[in-house]
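# Secondary and tertiary structure notes
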Amino acid sequence: MKLFVTRQTGFYGMGSPIDLLVNGEKKTVLQHQQTKELDLPNKPLTLQIKFSFLLRSPIYTIQPSPIKSYTVVMNPKLIQIYLILFVSMLCIPLFLRSLWLMLILLVLFVFFLKNMASKAYLLKENTHAETV
């Protein structure tokens, strides 16, 4: 099976490579806006995207097919909530001058990062009409 994977994660982390794991093993590294082609056995396999120990994608099970094409994107929910929490963590305590509020927002921010770290990247399957 030929597998094409393209990275389109935007501005976030564009200077850092991300790892592509196939069946739990690192197969290749994707740089910003890069496409890689892999020749894999024609059997069901798992794919996961990983950046260091913190950010990763869910584990996707891929069924065999002659050609598969995927695009790696950042989870839009992660980007929206990250920006909202980060800005509120800085601005609200300054306006209200409350150390307790800042600590509460910091705890919420850490909780958010812990929950979203395993869903930071998403794999979108490309249709045959899309180019690789």
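Preceding this section is the structure that the text describes.
Residues numbered from 1 in each chain as written. Predicted model: local features only at pLDDT ≥ 70, side-chain atom pairs only at ≥ 80, totals over all residues. Heavy atoms only, no water.

## Overview of the side chain of Thr-71
In this structure, Thr-71 sits in strand S8 (residues 67-74). Residue classification places Thr-71 among the buried positions, given a relative accessible area of 10%. A polar atom in the side chain of Thr-71 sits 2.9 Å from the side chain of Asn-126. Contacts of Thr-71, omitting those with residues within four sequence positions, involve Thr-6, Gln-8, Leu-122, Leu-123, Lys-124 and Asn-126. (Helix = DSSP H or I, 4+ residues; strand = E, 2+ residues; numbered from the N terminus. Buried < 20%, exposed > 50% of the residue type's maximum accessible area, 1.4 Å probe, protein only. Polar contact = N/O pair within 3.5 Å; in protein donor to acceptor, adjacent residues only side chain to side chain. Contact = heavy atoms within 4.5 Å.)

## Topic: the nonpolar core
The biggest cluster of nonpolar side chains holds 28 residues, and the ones touching the most others in it are Leu-47, Val-72 and Tyr-121. Counting residues per element, the ones that place at least two in this core are strand S1 (2-7), strand S2 (18-22), strand S5 (45-51), S8, helix H1 (76-96), helix H2 (99-116) and strand S9 (121-125). (Core = buried A, V, L, I, M, F, W, Y, C linked by side-chain atoms within 4.5 Å.)

## Notes on a nonpolar patch on the surface
Taken together, the side chains of Leu-99, Trp-100, Met-102, Leu-103, Leu-106 and Val-110 present a nonpolar region at the surface, about 620 Å² in accessible area. Among the secondary structure elements, Leu-103 is positioned in helix H2. (Patch = residues over 30% accessible without salt bridge, like charges linked within 9 Å, V, L, I, M, F, W, Y side chains within 5 Å. Areas by Shrake-Rupley, 256 points an atom, 1.4 Å probe, with all protein chains shown as cover. Salt bridge = Lys/Arg side-chain N within 4 Å of Asp/Glu carboxyl O.)

## Considering the layout of surface pockets
Each pocket or cavity is described by its volume, and for the largest pocket that value is around 200 Å³. What lines the largest pocket is a set of 13 residues, and nearest its centre among them are Tyr-12, Gly-13, Leu-55, Met-74 and Leu-78. The leading source of residues in the lining of the largest pocket is H1, at three residues. Here the residues of the lining of the largest pocket sort into 10 nonpolar, two polar and one charged. (1 Å grid on protein atoms, 1.4 Å probe; cavity = no way out; pocket = protein on both sides within 12 Å on 5 of 7 lines; lining within 4 Å. Points joined across faces, edges and corners; volume = space filled by probe spheres on them. Nonpolar A, V, L, I, M, F, W, Y, C, P; charged D, E, K, R; others polar.)

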